[in-house]
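For reference, the chains in residue letters:
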Amino acid sequence: MTNDSESDSEQDSESELEDHAGLKIRKLPVVGILLVELCERLTYYTLAGTQKIYLQNQLKKTPSTSAALNSVFNMLCYFWCVPGGLLADSIGRYKTIIAAGSIYAIGTICVGISVIYELQASLGWLFMLGSLVLIAMGTGGIKPNIANFGADQIGDEGYSFAYGSGAGCMILAVLIFVGFTGSYTMLPGNGLGPVRRLIRYQYYSVWHGGGWKAAMSLAGFLCLPLFYIVTLADTLLSASAEKSNTEVFTDPCAAPLTEAPPRMLHGGGGGHGVLSDIALALGSMACIFLVVANVNCTWVQELKQEVSFGAKDARQTFAAIPMIIVVNIAFNLCYNSMNNAFPSQACQMDLRLGTTQLNGAFFNIADAMAIVIFTPIFESCLYPLIARVKGSPVRLGQKIIAGLVMAAISNVAAAILESMRKDAPYLCGDAGFSQCAPGYSDDGAEGTRMKDISAFWIFIPFALVGIAEILVNPCMYCFSYEAAPLEVRSLIQALNLFFMGSVSNAFTAVVSKLLYPNDLDKGSLDNYYFVNAILAVIGIAVYFLITRCGDHGHEIRPAIEKELVVGPMEEDSPPDV
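Rules and cut-offs
- Residues numbered from 1 in each chain as written.
- Predicted model: local features only at pLDDT ≥ 70, side-chain atom pairs only at ≥ 80, totals over all residues.
- Heavy atoms only, no water.
- Helix = DSSP H or I, 4+ residues; strand = E, 2+ residues; numbered from the N terminus.
- Contact = heavy atoms within 4.5 Å.
- Areas by Shrake-Rupley, 256 points an atom, 1.4 Å probe, with all protein chains shown as cover.
- Buried < 20%, exposed > 50% of the residue type's maximum accessible area, 1.4 Å probe, protein only.
- Polar contact = N/O pair within 3.5 Å; in protein donor to acceptor, adjacent residues only side chain to side chain.
- Disulfide = S-S within 2.5 Å.
- Core = buried A, V, L, I, M, F, W, Y, C linked by side-chain atoms within 4.5 Å.

Participant: Before we move on, could you go through the overall build of the protein chain and cite the residues and values that matter?
Facilitator: Within the protein chain, the regular secondary structure consists of 19 helices and four strands. If you take every contact in the protein chain between residues at least 6 apart in sequence, the share linking residues at least 24 apart comes to 82%. Entry remark: accessible area of the protein chain is about 24100 Å², with carbon and sulfur atoms responsible for 65%.

Participant: Describe the side chain of Ser504, naming the residues involved and giving the relevant values.
Facilitator: Along the chain, the position of Ser504 falls in helix H17 (residues 489–515). Note on Ser504: relative accessible area 0%, which makes it buried. A distance of 2.6 Å separates a polar side-chain atom of Ser504 from the backbone oxygen of Met500. Dropping the residues within four chain positions of it, Ser504 is found in contact with Asn328, Ile329, Asn332, Leu333, Asn336 and Phe499.

Participant: Please set out the state of the cysteines residue by residue, giving values where relevant.
Facilitator: Taken as a whole, this structure holds one disulfide when the rule is applied. Each disulfide pairs two cysteine sulfurs, and for Cys347 the partner residue is Cys436, the sulfurs being separated by 2.0 Å. Sign of the S-S torsion, about -120° for the bond between Cys347 and Cys436, identifies this disulfide as left-handed. Of this pair, Cys347 sits in helix H13 (residues 341–347) while Cys436 sits in the loop between strand S3 (433–434) and strand S4 (448–449), placing them 89 residues apart in sequence. Looking at Cys436, the relative accessible area reads 3%, which means it is buried.

Participant: Can you break down the environment of Ile325 residue by residue, with the values?
Facilitator: Relative to the assigned elements, Ile325 resides in helix H12 (residues 321–335). Separated by 171 residues in sequence, Ile325 and Asn496 have C-alpha atoms that sit 7.9 Å apart.

Participant: Explain the nonpolar core to me, and be specific about the residues and the numbers.
Facilitator: Membership of the largest hydrophobic core comes to 128 residues, with the highest contact counts inside it found for Phe227, Ile400 and Val503. Of the residues forming this core, the biggest block, 13 residues, is contributed by H17. Residues in contact with Phe227, not counting those within four places in the same chain, are Ala279, Leu282, Gly283, Val503, Ala506, Phe507 and Val510. The next biggest cluster of nonpolar side chains, apart from the first, holds seven residues, and it includes Ala370, Phe378, Tyr383 and Ile467.

Right under this line is the structure:
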């Protein structure tokens, strides 16, 4: 009897694996979706990677303001993920993706027209409209829904299968990152009912026994829009008011040194103002309030009238917020260095390749290469090896901690390279000026000198960020999917993306105004890197606090609660040999 039962169990297991493997048979829809997502990501990263250089050299913005505007662009792209997730839960993901894709296409057309050489000066406003408004809205409608399309095609059981096995986890990472689905099927939306109920639970609990935690949670949510408003105002006002800010620039290779005409593209340090301080304070308050209030979120009170989305579901939703905030802010502040600081640093290193110069954004390829190379190594070799050594599978929490450590190391490595770059001599003579650094003129007669250190050294921090991405981002997508009740999965995935890209870039925009130097040779870019690395280390400490202290986790769905513990549990059994 036992043998028959075991045989039936094995057959069921084999059937389950065959069912999951069957998802891979639908090759034509898969190829179509991959191509669509490839085109969208190529457009996004092309603009994100070159926007700062275009703003500082063509639209004549200072480097610190250009970096802040680029962070605002990324911030807005992820900000629209929340409305995109809400809309998908209401009208369905298919309609949302189609509508967002159309807006995205219009935005790219606007940007394409505005960068025509003869029209650049007069159509700067169109560039801003296309990039900061239309493309941002389009991205926000596509990104949160593509990920859930892939997860929905697998289903809850398939998702656990994918996460629980080595090869399955690799498949999941690919699904999440490139929006793999069997086809664009019309899936019914869940409506805005659960979202409205979450708001009701929040407000009702403030006045009916939720205590100070309910009030603090509400205050955190209210601080977020204020944070955005002040950050936008600070960045846009600085961009419009900086034209009178000029400083004399001297060519270090001139003998003797002679003064060049005054230009606004060089200065000793980043900008600083009252609005920057207010924005930083509001953002910090919002994150601290939301984390503290929703650790052990027993403050959620039952509503008087019976509803299908109950208090338990609301607690599970709110309980996911601390993890989403802490990990995403700590990781993405380091990650965002890859968007502006790393390329800018490379632009003032030796970019020459034969008779041409590379663009600083080119070195972003090291991040992609690291992901492609190390993902199969981690999944097929490293994780199984670690599991055998420690006697239990590598947990989600352990991957996240390792990723945060790697992100901090990447910024420390960049700071060391920056110190080496500043100590290196200038490249004079036939080397010319850097074509992607501040102040480069169309005729090549003016600009910023490169330093005699190969720009290919910047591959190291880029690659380290790529390795950190492998460890952190798929785990956070998994957490957001598994920790969320079914009715609000799009919303929680959107919140994950919101803090991952939008809130973190809002912080980066403020920090750029405070610490990002307009002239890397005079300022201290390494301070910017060290601040990011320190915040990543603080994030690790806070992660341990929210996952190990008190009873936090009891409200999180059992599917994910155990995976948050960073260390083997007694009830774990050794992995199959």
